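Residues per chain, in single letters:
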Amino acid sequence: MGGYCGKLLRINLASGEISTEAIDRDIARKFIGGRGVGTWYLAREIDPQIDALSPANKLIIATGPVTGTREPASGRYMVVTKSPLTGTVACSNSGGYWGPELKFAGYDVLILEGKAPRPSTITIRDAEVRIHDAADYWGKLVGETTDTLLDAFGDPKARVLAIGPAGEKMSPIAAVMNDKYRAAGRSGVGAVMGSKNLKAIVVRGSGRVEPAEPDKAAELAKSHVARLKENDITGGGLPTYGTAVLVNIINESGIYPTENFQKAYFEAADQVSGETLAEKYLTGKDVCYRCPIACGRYCEVDGVEGAGPEYETIWAYTADCGVTDLVAVIKANKWCNEYGLDTISAGATIACAMEMHAKGILKDADVDGPPLEFGSGEAVVEWTRKMGAGEGFGAKLAQGSYRFAEMYGAAELSMSVKKQELPAYDPRGVQGLGLQYATSNRGGCHVRGYLISPEILGVPEKLDPLSLEGKAVWCKGFQDLTAVIDSLGLCLFTSFALGADDYRDIFNATVGGTLSSDELIRAGERIWNLERMFNLKAGIGPDQDTLPKRLLSEPIPEGPSKGHVHHLGELLPQYYKERGWSADGVPTDEKLAELGLT
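Reading guide: rules and limits
- Residues numbered from 1 in each chain as written.
- Predicted model: local features only at pLDDT ≥ 70, side-chain atom pairs only at ≥ 80, totals over all residues.
- Heavy atoms only, no water.
- Helix = DSSP H or I, 4+ residues; strand = E, 2+ residues; numbered from the N terminus.
- Rg over C-alpha atoms; globule rule 2.2 N^0.38 Å.
- Buried < 20%, exposed > 50% of the residue type's maximum accessible area, 1.4 Å probe, protein only.
- Contact = heavy atoms within 4.5 Å.
- Lys, Arg positive; Asp, Glu negative; His and termini not counted.
- Charge placed at Lys NZ, Arg CZ, Asp CG, Glu CD.
- Axes fitted to C-alpha atoms, helices over the stretch in contact; angles between N-to-C directions.
- Parallel < 35°, antiparallel > 145°, perpendicular 65-115°, else oblique.
- Salt bridge = Lys/Arg side-chain N within 4 Å of Asp/Glu carboxyl O.
- Phe/Tyr/Trp six-rings, centres within 6.5 Å; stacked < 30°, edge-to-face > 60°.
- Lys NZ or Arg CZ within 6 Å of the ring centre and 35° of its normal.
- Nonpolar A, V, L, I, M, F, W, Y, C, P; charged D, E, K, R; others polar.
- Expected span 1.5 Å × (residues − 1).
- Pairing = 2+ DSSP bridges.

(A) Expanded view of the overall build of the protein chain. Within the protein chain, the regular secondary structure consists of 24 helices and 17 strands. Rg of the C-alpha trace for the protein chain: 22 Å, near the compact-globule value of 25 Å for 598 residues, within the 12% margin. Referenced to the eigenvectors of the C-alpha coordinate spread, the extents of the protein chain come out at roughly 60 × 55 × 45 Å. Looking at the 598 residues of the protein chain, the share that counts as buried comes to 64%. Put simply, of all contacts in the protein chain between residues at least 6 apart along the chain, 70% involve residues at least 24 apart. Taking the average location of the 63 positive side-chain charges in the protein chain and that of its 78 negative ones, the two points are 3 Å from each other.

(B) Quick peek at the side chain of S440. By the secondary structure assignment, S440 is in the loop between α17 (431-439) and α18 (452-457). In this view, S440 contacts K418, C445, R448 and W528; residues no more than four positions away in its chain are not counted.

(C) Focus on the environment of D286. Inspection of the secondary structure assignment puts D286 in the loop between β13 (282-285) and β14 (297-301). For D286, a relative accessible area of 18% translates into the label buried. As a C-alpha pair, D286 and G308 span 22 residues in sequence and 8.0 Å in three-dimensional space.

(D) Representation of the packing of helix α21 (residues 517-537) against helix α23 (residues 568-579). Relative to each other, α21 and α23 sit at 120°, their axes nearing to 12 Å. As far as their axial angle goes, α23 and α21 are oblique. Between α21 and α23, the contacting residues are E525, W528, N529 and R532 on the first element and Y575, Y576 and R579 on the second.

(E) Unusual backbone geometry, seen in detail. Between G308 and P309 the backbone carries a cis peptide bond, its omega angle lying at 0°. With omega at 5°, the peptide bond leading from V459 into P460 counts as cis. Among the structural elements, P460 can be located in the loop between α18 and α19 (471-488). One non-glycine residue, K180, lies in the positive phi region at around 70°. What makes K180 partly exposed here is its relative accessible area of 24%. With a phi angle near 80°, S187 is a residue other than glycine that sits in the positive phi range. Here S187 is to be found in the loop between β11 (182-184) and α6 (189-195).

(F) Region of interest: the pattern of salt bridges. Counted by the stated rule, this structure contains 43 salt bridges. The closest approach of N and O atoms between E45 and K58, which form a salt bridge, is 2.8 Å. Highlighted residues: E45 in helix α2 (residues 34-45) and K58 in strand β3 (residues 58-63), separated in sequence by 13 residues. Linked through salt bridges whose partners overlap, the residues forming this network are K476, D480, R522, E525, R579, K591 and E594.

(G) Examining the packing of aromatic side chains more closely. In the structure shown here, the tally under the stated rule is 19 aromatic pairs. Note on W474 and F478: the rings are 5.9 Å apart at their centroids and 45° apart in plane angle, and the pair reads as tilted. With W474 and F478 both in helix α19 and 4 residues apart, the pair spans about one turn of that helix. The exposure classification of W474 matches that of F478, with both residues buried. Linked through ring pairs, Y256, Y311, Y425, Y450, F493 and F496 together constitute an aromatic cluster. Above the plane of the ring of F153 lies R125, whose end atom (NZ or CZ) is 4.0 Å from the centre.

(H) Structural view of the packing of helix α12 (residues 326-339) against helix α14 (residues 377-389). Between α12 and α14, the least distance of the axes is 9 Å, while the angle of their chain directions is 5°. Between α12 and α14, the angle is such that the two are roughly parallel. Each of A328, K331, A332, W335, C336 and Y339 in α12 lies in contact with α14, whose residues at this interface are G377, V380, V381, T384, R385, G388 and A389. Each residue belonging to the contact of α12 with α14 can be placed in one class, and the counts come to 8 nonpolar, 3 polar and 2 charged.

(I) Layout of helix α4 (residues 142-153). Over its 12 residues, α4 runs 16 Å from end to end, which matches the ideal 16 Å to within 8%, given 1.5 Å per residue. If you follow the buried residues of α4, they end up packed against β7 (120-125), β9 (159-162), β10 (176-178), β12 (198-204) and α12. Looking at the residues trailing α4, positive phi occurs at G154, about 85°.

(J) The arrangement of the sheet that holds strand β8 (residues 128-133) in detail. If you walk across this open sheet you meet the 6 strands as β8-β7-β12-β9-β10-β11, and the pairing is mixed. Edge positions in the sheet fall to β8 and β11, since each of these pairs with one other strand and no more. Taking each pair of neighbouring strands and ignoring which way they run, the sheet shows an average axis angle of 20°. Pairing geometry for β9 and β10, over 2 bridges, is antiparallel. Its bridge partner lying in β10, L161 is registered against N178. Sheet contacts for α4: β7, β9, β10 and β12; angle to β12, the most-contacted strand, approximately 45°.

Below you can see the structure in the form of structure tokens.
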């Protein structure tokens, strides 16, 4: 088959054993690659009920068949494991250049198992794979780790994947970083890497990814680049202002969560928008592998520079915390990159603490740093640093908002689903996305089915965000298609300009064959159900398909979406029926047999 290297690299960190295995062709076709194949290996090789931070858990890094090809935005890879934050399957996506480099070295999948007896790094130079002592790197920030490892490796074209101190200390909101600034950010995958005493992986490959039909693949790639450049979103808003182009759009829709989701409209949104960021602080772009969209920002202020911040990061540290200072956001984002923290969870946890402070649950005397007050730029910067370092009260915050609030008997103030913090869209004003939040297989997440696309942006067609009609159908459809895109190894943003038939053509030209669009989407449905079954076996039941009580019972108090709550109780039964599951949210034997999962 084209696209695939056909090889899996397995490293037992406890014993030091390194081996390779052939990728099963049938499994590759059935689950595509990336997210799908990675989840298949995880479900087959671990007990879903294990402690996520135990040596029995495995960390699986999986690329897709399109990763590293000429197709635009094909730089994605997935980190798959059991999440220490949610207890669900974790599948965290990152871009940059590390994923393609793993393919160039000859591997589709890397499985890390056991726990190294001491802090370690791994180097991969094609077939030469070695484990090294990492005593000199443990405790260092991501930037310094990356630079010193590249110097030691002796090849500036190598790529580095690493964790920061947050991962070393096993914070359940720790990220896996690559290329310094790119993050597999969600679900605590960095904590699992830290639990294995693994600091970093350096990779350099000399090969290339060969599609089954090179001429057809090249023709498609050229066409897709043109379409991405012609599209208003991927060729206009995102290249010009980055993901932060959404700040004013979402705020004007009345769904921009403010002060820990107490409100959904931020008066100062324009002060922290993508337009303002570009005007005042943007110095360049941080571009992923073969990506014509180039949404990544590069900013500098007060001697602090680096990639970002993204839309979600800006929201988490401004509106959610009531802060109007972009300088503070840039600095907090830098700490997240250096310490290896998920910016959504970090900022949202601080917002939760700020509400607890405002309600008198937290006292100034309880903390060993700046008062946790809404509007404090100083607080968001310093508490992010202390969270990353696991320093003092910051170590409590680094547990994430649910566990932190639970310590004080205020778990209801954690705006999370399955203990993972919600992102930057208030579901009370966007009903389809709220259903996606509740049913996401990895907890609170927008990129498992980005219904903002039709409900707000009008792509592929405009839906009424407050209507319930058809939302279960749209939710399932977007979830299944997203599973396909993640498994191919492509950026989700390509879906603003491309559709299911385009992904079918990409798959067939890359891998070879005549798969239909329906068959490809069926593979996405198969992946979704596989994840669901893993979660059920892990003890994450349908009772957790819910939203924070506030979003179900407290109407938005002001702004364009004033007066609305989320109607999950009406939508969830429709969703279960659309999925062909039982009325209580469990895939039926018939559905599993239909998908070949029995």
